[in-house]
Amino acid sequence: MQTIIFLLLIFLIVIFSVLLYYKTRHSRVDKLNSGECPNCGQKTKSFYDANTKTTFKQEIITAKLLKGGGCSGVNDIEYRCKSCGLKEVYSQS
C-alpha cells in the first residue's frame, strides 16, 4: 500500500513539474515577443521628439528567422537581447 501511494506522489510531482516547465517556457516566449528581455528585464525604449512630433523606438530584442518551415511547418526563431547578450531559439508555428 505504501508503494502505491509513493508511486502516485512521484507521478503527480513529475506531471506538475512538466506543466511548470511548459508554463515558464511559454511565458519567456511571450515576454520576448512583446519586446522585454526575460533575463535582464530591459524593455523597448521610446523617445518623443517635440520638434518633429515623432516617436522613436529603440528595440532591445531582435528576432531572426533561422529556418522557415514552409506552408505547414514550424519556424525556428532566434531572439537576441542587445543589453545582456541573451540568445534563445524557439520553434513557433
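The structure presented is a predicted model; accordingly, all values stated were derived computationally and were not measured.

Peer 1: I'm lost on the side chain of E78 in this one. Help?
Peer 2: Position of E78 relative to the elements: it lies in strand β4 (residues 75-81). By relative accessible area, E78 is classed as buried at 7%. A polar contact is formed between the side chain of E78 and the side chain of R80, at a distance of 3.5 Å. Not counting chain neighbours up to four residues away, the residues in contact with E78 comprise T62, A63, K64, L66, K87, E88 and V89.

Peer 1: Can you walk me through the pairing of strand β5 (residues 87-92) in this structure?
Peer 2: Every regular strand shows the same layout, with side chains that alternate between the two sheet faces. Pairing of β4 with β5 involves 6 bridges; the strand directions are antiparallel. Looking at β5, one finds that Y79 is bridged to E88. Between β4 and β5, which pair antiparallel and follow one another directly, the connecting turn spans 5 residues, one of which, G85, has a positive phi of 85 degrees.

Peer 1: How should I be thinking about unusual backbone geometry in this particular structure?
Peer 2: Most peptide bonds adopt trans geometry, and most residues besides glycine take a negative phi value. For K53, which is not glycine, the phi torsion reads 55 degrees and is therefore positive. With respect to the helices and strands, the residue K53 is situated in the loop between β1 (45-49) and β2 (54-58).

Peer 1: So what exactly am I meant to see when it comes to the confidence of the model for the chain here?
Peer 2: In regions of low pLDDT, the predicted coordinates are not meant to be interpreted in detail. Put simply, the chain has an average pLDDT of 89, and 99% of its residues get 70 or more. Ranking the helices and strands of the chain by mean pLDDT puts helix α1 (residues 2-34) first, with 94, and strand β3 (residues 61-67) last, with 87.

Thresholds, definitions, all that
- Residues numbered from 1 in each chain as written.
- Predicted model: local features only at pLDDT ≥ 70, side-chain atom pairs only at ≥ 80, totals over all residues.
- Heavy atoms only, no water.
- Helix = DSSP H or I, 4+ residues; strand = E, 2+ residues; numbered from the N terminus.
- Buried < 20%, exposed > 50% of the residue type's maximum accessible area, 1.4 Å probe, protein only.
- Polar contact = N/O pair within 3.5 Å; in protein donor to acceptor, adjacent residues only side chain to side chain.
- Contact = heavy atoms within 4.5 Å.
- Pairing = 2+ DSSP bridges.
- pLDDT = per-residue confidence, 0-100.

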